[in-house]
Amino acid sequence: MTFGHSELISKPQFERYIGIDYSGAETPTSGLKGLRVYIATGEGEAMEVIPPPGPKRYWTRQTVAHWLLETLSQTTPTIVGIDHGFSFPLRYFEYHQILPDWDVFLRDFHRHWPTDEPHIYVDFVRDGLAGNGGARTGDPKWRRITERRGRGKSVFHFDCQGSVAKSTHSGIPWLLFLRERLGKDVHFWPFDGFSPPELRSTIVEAYPSL
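Since this is a predicted model, take the numbers as computed values, not measurements.

> So, the packing of helix 2 (residues 61–72) against helix 7 (residues 165–182): which residues are in play, and what are the values?
Where helix 2 meets helix 7, the closest approach of the two axes is 10 Å, and the angle between their N-to-C directions is 25°. Judged on the interaxial angle alone, helix 7 and helix 2 are roughly parallel. Between helix 2 and helix 7 lies a crossing of right-handed hand. Judged by residue contacts, Arg61, Gln62, Ala65, His66, Leu68, Leu69 and Leu72 of helix 2 engage Ser170, Trp174, Phe177, Leu178, Arg181 and Leu182 from helix 7. Split by residue class, the contact of helix 2 with helix 7 holds eight nonpolar, three polar and two charged.

Now the structure itself:
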């Protein structure tokens, strides 16, 4: 049997592509101009997604999480890229004696950094006014292999240009939110394996080097 050129081209694994420019500013219910969502379907151009109707002019971290929950509950295979850290360097796990398991990490982090709760700024936890962040801190010198190779800043490097520390510390609890509600219907790469299953949506960390 012979095949034409078009038959040899494999079908894309995903039918929908979502990119999220994250922000760790203010509270999880604050409208943030720097929090942006883009979507593309098939081979179409990416388009910005406007926040749902409501009192907020811009996206909030809470509305992004709930929008993702609704979107990824659909059967369309989708890949989502979010530009904050999804986990921490191995040195963090060793220092705090945490099992190097992502689900364990998510729950432990959330207990100490409840940055998804109303009225909570990342700096409130850093300053000891909420949560118990002092028991789960890290050294800015600690970097993951991906950060060293990509020349990215440490997830513990706060208060500097190009920092992802606040967006990471504010975004991880929302990963737990999605994880608990979507379960095995969504693949979190690479924590669920390096090969995303067919016909399943995937969430990945998109960490551009500045």
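There's more to say after this.
> Please give an account of the pattern of salt bridges that cites residues and values.
Enumeration over the complete set of coordinates arrives at twelve salt bridges. Close ionic contact of Glu205 with Arg144 constitutes a salt bridge, the shortest N to O distance being 2.8 Å. Here the residue Glu205 occupies a position in strand 6 (residues 201–205), and Arg144 occupies one in the loop between helix 5 (122–126) and helix 6 (145–150), the gap between them amounting to 61 residues. Judged by its relative accessible area of 11%, Arg144 is buried. Here Arg181 makes a salt bridge to Glu180, at a shortest N to O gap of 3.8 Å. Judged by relative accessible area, Glu180 falls into the exposed class, the value being 53%. Each of Asp123, Arg126, Asp159 and Lys166 takes part in one network of salt bridges that share partners.

What counts and what doesn't
- Residues numbered from 1 in each chain as written.
- Predicted model: local features only at pLDDT ≥ 70, side-chain atom pairs only at ≥ 80, totals over all residues.
- Heavy atoms only, no water.
- Axes fitted to C-alpha atoms, helices over the stretch in contact; angles between N-to-C directions.
- Helix = DSSP H or I, 4+ residues; strand = E, 2+ residues; numbered from the N terminus.
- Parallel < 35°, antiparallel > 145°, perpendicular 65-115°, else oblique.
- Left-handed = near helix turned anticlockwise from the far one by under 90°.
- Contact = heavy atoms within 4.5 Å.
- Nonpolar A, V, L, I, M, F, W, Y, C, P; charged D, E, K, R; others polar.
- Salt bridge = Lys/Arg side-chain N within 4 Å of Asp/Glu carboxyl O.
- Buried < 20%, exposed > 50% of the residue type's maximum accessible area, 1.4 Å probe, protein only.

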